[in-house]
Each structure stands twice: as structure tokens, then as C-alpha cells.
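Overview (structure and organization)
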Amino acid sequence: MHKDQPIHHGSLEHLLPPSWKTQITAWLAEDTPSYDYAGFVVGEHPRSATLWGKSAGIIAGIPFFTEIFKQCGCEVEWHAKEGSYINRPKDGSGKTKVATVTGPARGLLLGERVGLNLLARCSGIATVSRDMLLSLRSAGYEGILAGTRKTTPGFRLVEKYGMLVGGADTHRMDLSSMIMLKDNHVWSRGSITQAVQAAKMVGGFALKVEVEVQNEEEADEAIAAGADIVMLDNFTGDGVKVAARSLREKWKGKREFLIEVSGGLREDNVFDYANNGEFLCHPCTYLPR
């Protein structure tokens, strides 16, 4: 485990807001909005179930999974740690024992689908984030790999958590975390300069202002207006390197700013965009169970 990953510095569960457990209550209520007919059939006889890992990847989402079954009257014993890598076993079984859940039969079945869906989603995001980060580090990239806000509605807390477990930066958590001015904001306001000025008037010193740009001329206007971050959106790999080099040389000693590269980044093309001095943004994925 590399020291540049957040999980190395403490328990990520301690990041979760006081409201996170109520989200789990809502997910369980969505799955059983009225009578639990199948639960009536099995009753509350004590039973035990095993969580098997059938795909290689990073385990992420342990606090959520544990709380799901806690609310169903069950206990979870983990055989793997948060952030650990699960390999396919060499004994030919094709699966690895990840956790044991004990409790009433009805409770096990109530939490099963909600827990599995959550853990698979969170672990998939962590795995892709870790794989991409390690690949970039091996290629000499020392910058930041961040996640986008393209998350599933109602599930952002889990998906951003998965990014952290995988070692990626969460970027902004929501519209209130940082001021990002995209092309439609600029078009509606009239110009990049006017948009940045208006944003800084209400954001104050505590919020950074980021501006999405389509070319170097727009980046220059954003930097001159006081933007803290310029996002080179949908640039080619070569275009990123040319623009980034030019902007750094042009504004050296005049303005401090970050350069973000976003739009179409994938594991199979991210090396084309890797350029120290910028940070990269990527979306989420899913780990089959």
C-alpha cells in the first residue's frame, strides 16, 4: 500500500457524516416498503452466511455493508481489511472468503441484496481508481488523480468513498464544495471574466473557482480573471501538453493556478494525458461479484 493513499493515514469511516446511517435505513426501506413475505417463510432461526469474493480487486465499503446487516439484526466478521486486494485463490476454488454474516435468517436475506450491490459498486470504483493510480505512478506521473461528480443520484457518498479507498482524490463533493464555471455558466453570464468576478464576490476566500476552457485563449482569460483552476476539457493528449507548457511559461511568477485535464479519460488512454503539473479526472465503474 502506497503512502500517497488516504487510507494509509487513518480510518475512512471517520470521514462519514452523522447522517450516513439514515441513508442505509432508506435503502432498506426501498427494498422492503411493506410486508416481507419471504421473511415470513424463513422466520428468525439463527443462520450463518459467507461473503465470497469471486473477482480480483480492492475491498471497499466495509462500514456500509456492516451497518446494513446491523440494522437487520445481524453481525459481520471480516476476513479482509478495507482497501486490501483480493486475488483469485490458487486452490482452484475461484473464490476468496471475505466475511461471515450471522443472525436471524430473515435478517440475512433482508440485507443480502442491498449489501452485495453496495459492496460490489464501491469495490469496483476503488479497484479502477487504484489500478489507474498505480499505473500512472509507474509511468512517472506525480500529480493528482481525481474523480468526477458524475455519480449515481443518492449514492454519491459511497462512490466518493470508493475513490478514496482506491487512492483517488474526490475532487468536489457537490455544488457547494467548489465553484466550477462550465461553458453554460460563462455563456449565460456573458464572459469568463464576468463569471469569475461574480463567483469570487460570493465565494469569498474559502472557495476555489474553477473554469472549464476549450482552448488556450479561454484559459488565459480565466487565469487573468483570477481563476484558481483551469480545466482543459476534451483536449487531445498532445494538446494538453502543448497548452499546459505554454500556460506555465506564460504565467510563471504572475499567477498561481492549477491545471485540470478532464473528458474522455480511460485506463487505455490516460498515459497520453499524463503530464506532471496537472491533475486528471476519471469516472466510476462496478466490480462484478
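Just above, that's the structure.
This structure is a prediction, so every number in the text was calculated from the model and none was measured. (Residues numbered from 1 in each chain as written. Predicted model: local features only at pLDDT ≥ 70, side-chain atom pairs only at ≥ 80, totals over all residues. Heavy atoms only, no water.)

1. Overview of the overall build of the protein chain
Test applied: Numbered from the N terminus, helices here are DSSP runs of H or I no shorter than four residues, and strands are runs of E no shorter than two. The rule is simple: take the accessible area with a 1.4 Å probe, protein chains only, and divide by the maximum for that residue type; under 20% is buried, over 50% is exposed, in between is partly exposed. Throughout, a residue-residue contact means that at least one pair of heavy atoms, one from each residue, lies within 4.5 Å. Residue exposure ignores everything except the shown protein chains as possible cover, and the areas themselves are Shrake-Rupley values with a 1.4 Å probe.
Of regular secondary structure, the protein chain possesses 10 helices and 11 strands. Over its C-alpha atoms, taken along the principal directions, the protein chain stretches across nearly 70 × 45 × 30 Å. For the protein chain, the residues scored as buried account for 48% of the 289 residues in total. Across the protein chain, contacts joining residues at least 24 apart in sequence account for 72% of those joining residues at least 6 apart. When the accessible surface of the protein chain is totalled, it reaches about 15,200 Å², and 53% of it is carbon and sulfur.

2. Regarding the packing of helix 4 (residues 105–138) against helix 5 (residues 156–166)
Applied cut-off: Interaxial angle, 0 to 180 degrees, is taken between N-to-C directions of lines fitted to C-alpha atoms, where a helix line uses only the stretch in contact. Working rule for angles: under 35 degrees goes down as roughly parallel, over 145 as roughly antiparallel, 65 to 115 as roughly perpendicular, anything else as oblique. When the near helix sits turned anticlockwise from the far one by under a right angle, the crossing is termed left-handed; a clockwise turn instead gives a right-handed crossing. Only Asp, Glu, Lys and Arg are considered charged, only Ala, Val, Leu, Ile, Met, Phe, Trp, Tyr, Cys and Pro nonpolar, and every remaining residue, Gly among them, polar.
At their nearest, the axes of helix 4 and helix 5 sit 7 Å apart, and the two run at 40° to each other. With respect to helix 5, the axis of helix 4 lies oblique. As for the relative orientation of helix 4 and helix 5, their crossing is right-handed in sense. Packed against helix 4, whose contacting residues are Leu118, Arg121, Cys122, Ile125, Ala126, Ser129, Arg130 and Leu133, the element helix 5 presents Val158, Glu159, Tyr161, Gly162, Met163, Val165 and Gly166 at the interface. Per-class residue counts for the contact of helix 4 with helix 5 are nine nonpolar, three polar and three charged.

3. Examining the pattern of salt bridges
When their charged atoms lie close together, side chains carrying opposite charge are able to pair. Stated precisely, the cut-off is as follows: A pairing counts as a salt bridge when a side-chain nitrogen of Lys or Arg comes within 4 Å of a carboxyl oxygen of Asp or Glu.
In total, this model carries seven salt bridges according to the counting rule given. Residue Lys182 is joined to Glu212 by a salt bridge in which the shortest nitrogen-to-oxygen separation is 2.9 Å. Here Lys182 is found in the loop between strand 7 (179–181) and helix 6 (183–189), whereas its partner Glu212 is found in strand 8 (residues 209–213), with 30 residues between them in sequence. Using a relative accessible area of 5% as the deciding quantity, one classes Glu212 as buried. One continuous salt-bridge network, built from bridges that share partners, spans Asp36, Glu44 and Arg106.

4. Comments concerning the nonpolar core
One recurring pattern in soluble globular proteins is that nonpolar side chains are buried together. Convention followed: Residue types Ala, Val, Leu, Ile, Met, Phe, Trp, Tyr and Cys, when buried and joined through side-chain atoms within 4.5 Å, form a set referred to as a nonpolar core.
One finds Phe64 and Val165 to be the most contacted residues of the largest nonpolar core, which totals 38 residues. Counting only elements with at least two residues in this core, the list comes to helix 1 (20–31), helix 3 (62–71), strand 5 (96–104), helix 4 and helix 5. Take this core: its biggest share by element is eight residues, from helix 4. Excluding anything up to four places from it in sequence, Phe64 contacts Leu16, Trp20, Ile24, Leu118, Leu157, Val158 and Tyr161. Counting 28 residues, the second largest nonpolar core, distinct from the first, contains Leu232, Ala244, Leu247 and Phe257.

5. Concerning the sheet that holds strand 1 (residues 46–53)
Pairing between the strands of a sheet is mediated by backbone hydrogen bonds and can be parallel or antiparallel. Threshold: Strands pair, by our definition, only if DSSP identifies at least two bridges between them.
Pairing in this open sheet of three strands is antiparallel, and the strands run 1-5-3 from one edge to the other. At either margin of the open sheet sits one strand with a lone partner, and together these are strand 1 and strand 3 (75–78). Each neighbouring strand pair of the sheet contributes to a mean axis angle of 20°, computed without reference to strand direction. The sheet strands contacting helix 3 are strand 1, strand 3 and strand 5, and the helix crosses strand 3 at an angle near 150°. Contacts between helix 4 and the sheet are confined to strand 1, strand 3 and strand 5, with strand 5 contributing the most and set at about 145° to the helix.

6. Brief notes about the packing of aromatic side chains
Put simply, the rule is: Two aromatic rings from Phe, Tyr or Trp, using only the six-membered ring of Trp, form a pair when their centres are within 6.5 Å; if the ring planes differ by under 30 degrees the pair is stacked, by over 60 it is edge-to-face, and anything between is tilted.
Under the definition given, this model contains six aromatic pairs. With 5.4 Å between their ring centres and 85° between their planes, Trp20 and Phe64 make a pair best called edge-to-face. Highlighted residues: Trp20 in helix 1 and Phe64 in helix 3, separated in sequence by 44 residues. On the basis of relative accessibility, which here comes to 8%, the residue Trp20 falls in the buried class. By relative accessible area, which is 1% here, Phe64 ends up buried.

7. So, the packing of helix 1 against helix 4
Here helix 1 crosses helix 4 at 120°, and the two axes come no closer than 10 Å. When the axes of helix 1 and helix 4 are compared, the pair comes out oblique. The handedness of the crossing between helix 1 and helix 4 is right-handed. Along the contact surface, helix 1 presents Trp27, Leu28 and Asp31, while helix 4 presents Leu110, Gly111, Arg113, Val114 and Leu118. Of the residues in the contact of helix 1 with helix 4, the class split is five nonpolar, one polar and two charged.

8. Examining helix 1
Within an α-helix, residues lying three or four positions from one another point in the same direction, as the helix has 3.6 residues per turn. Which entries qualify depends on this criterion: Expected helix span is taken as 1.5 Å per residue step, with the number of steps being one fewer than the number of residues. This arc corresponds to the set of directions leading from the helix axis out to the C-beta atoms.
Over its 12 residues, helix 1 runs 18 Å from end to end, which matches the ideal 16 Å to within 8%, given 1.5 Å per residue. Every buried residue of helix 1 is listed here: Trp20, Ile24, Trp27 and Leu28. The arc that holds the buried residues of helix 1, viewed along the axis, is 95°, so those residues lie on one side. Opposite the buried face of helix 1, at more than 90 degrees from it, the exposed residues are Thr22 and Glu30. On its buried face, helix 1 sits against helix 3, helix 4 and helix 5.

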